[in-house]
Amino acid sequence: GKAVLVEEGTTNLNSDPFFKTGVSGWGKGNWTTLEWLSSEYNPFSKQNGVMRLYDNGPNGHCLKDVSISNTPHTVSVLLKILKGNINHINVGGTIFYTDSTYTDYTWNNSNTTRYDMSAIFGQGVYKLVATITPNSSKTISKYEIRISHHDAVETELFVYAVQLEPKPYATSFTPGTRSPETLTIPTAGVLNPTEGTISLWVK
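Before going into details, it helps to say that this report is about the structure given with it. (Residues numbered from 1 in each chain as written. Predicted model: local features only at pLDDT ≥ 70, side-chain atom pairs only at ≥ 80, totals over all residues. Heavy atoms only, no water.)

Let's shift gears to the nonpolar core. By size, the foremost hydrophobic cluster in this structure holds 32 residues, and its most contacted members are Trp 26, Met 51, Leu 53, Ile 147 and Val 159. Taken together, the elements giving at least two residues each to this core come down to β3 (47-55), β5 (73-83), β6 (89-91), β7 (94-97), β10 (125-132), β11 (140-150) and β12 (155-165). For Trp 26, the residues in contact, after removing those within four places along its chain, are Phe 19, Leu 34, Met 51, Cys 62, Leu 63, Lys 64, Ile 145, Ile 147 and Val 162. Of all hydrophobic cores here, the second largest spans 11 residues; its members include Phe 18, Val 50, Val 125 and Tyr 160. (Core = buried A, V, L, I, M, F, W, Y, C linked by side-chain atoms within 4.5 Å. Buried < 20%, exposed > 50% of the residue type's maximum accessible area, 1.4 Å probe, protein only. Helix = DSSP H or I, 4+ residues; strand = E, 2+ residues; numbered from the N terminus. Contact = heavy atoms within 4.5 Å.)

Structure (structure tokens):
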């Protein structure tokens, strides 16, 4: 009947990740509409404020420039799909290099993993995760976080949270930097130090 959660340290390189104050820094790209809905409840931040994306064309992507180092990074996006096909929604973005080349994950379906979060946050809510890996032999000129779709149907999203971490896997969302936790389990009245089983998930 008891459980323990231990958080590792991480840093979210994306400012205002929960859209509490607006959509500053985001460009609509070729979505038809990118706007901040201050009256829409965000079940993740537990207050009002979401980014709404709408497009009636064959494809669209919005973008935000974020400085990154030349190491693998992971983008995590929590969103609700109102119209469209979740399997055609991608996250990740594009890495641009000083030699005018780039690595583009915008339209790469296989690079985005989609987790159904409806049991926790309600119908149509998903967590999308993608890892981007820069070319270690090149110098990055800029990186764009992107949320995109490539579908010939209307697509509408409420974006609740965006995280960019300097590691090759996703952890839980944080508004800034999370220091690693130190876990201390008292044994008196809780654990018998001479017996028992410890199980855990490790990635």
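Right, let's talk about the pattern of salt bridges for a bit. Evaluated as defined, the whole model comprises eight salt bridges. Among the ionic pairs, Asp 99 bridges to Lys 138, the shortest N-O distance being 3.3 Å. One end of the pair, Asp 99, is in the loop between β7 and β8 (102-104); the other, Lys 138, is in the loop between β10 and β11, with 39 residues separating them in the sequence. Owing to a relative accessible area of 42%, Asp 99 belongs among the partly exposed residues under this scheme. Taking relative accessible area as the criterion, Lys 138 reaches 25% and is therefore assigned partly exposed. For Glu 144, the salt bridge identified is with Lys 142, shortest N-O distance 3.1 Å. Overall, the relative accessible area of 5% leaves Glu 144 in the buried class. Lys 142 gets classed as partly exposed once you look at its relative accessible area, which sits at 34%. Salt bridges sharing partners connect three or more residues here, namely Glu 35, Arg 52 and Glu 156. (Salt bridge = Lys/Arg side-chain N within 4 Å of Asp/Glu carboxyl O.)

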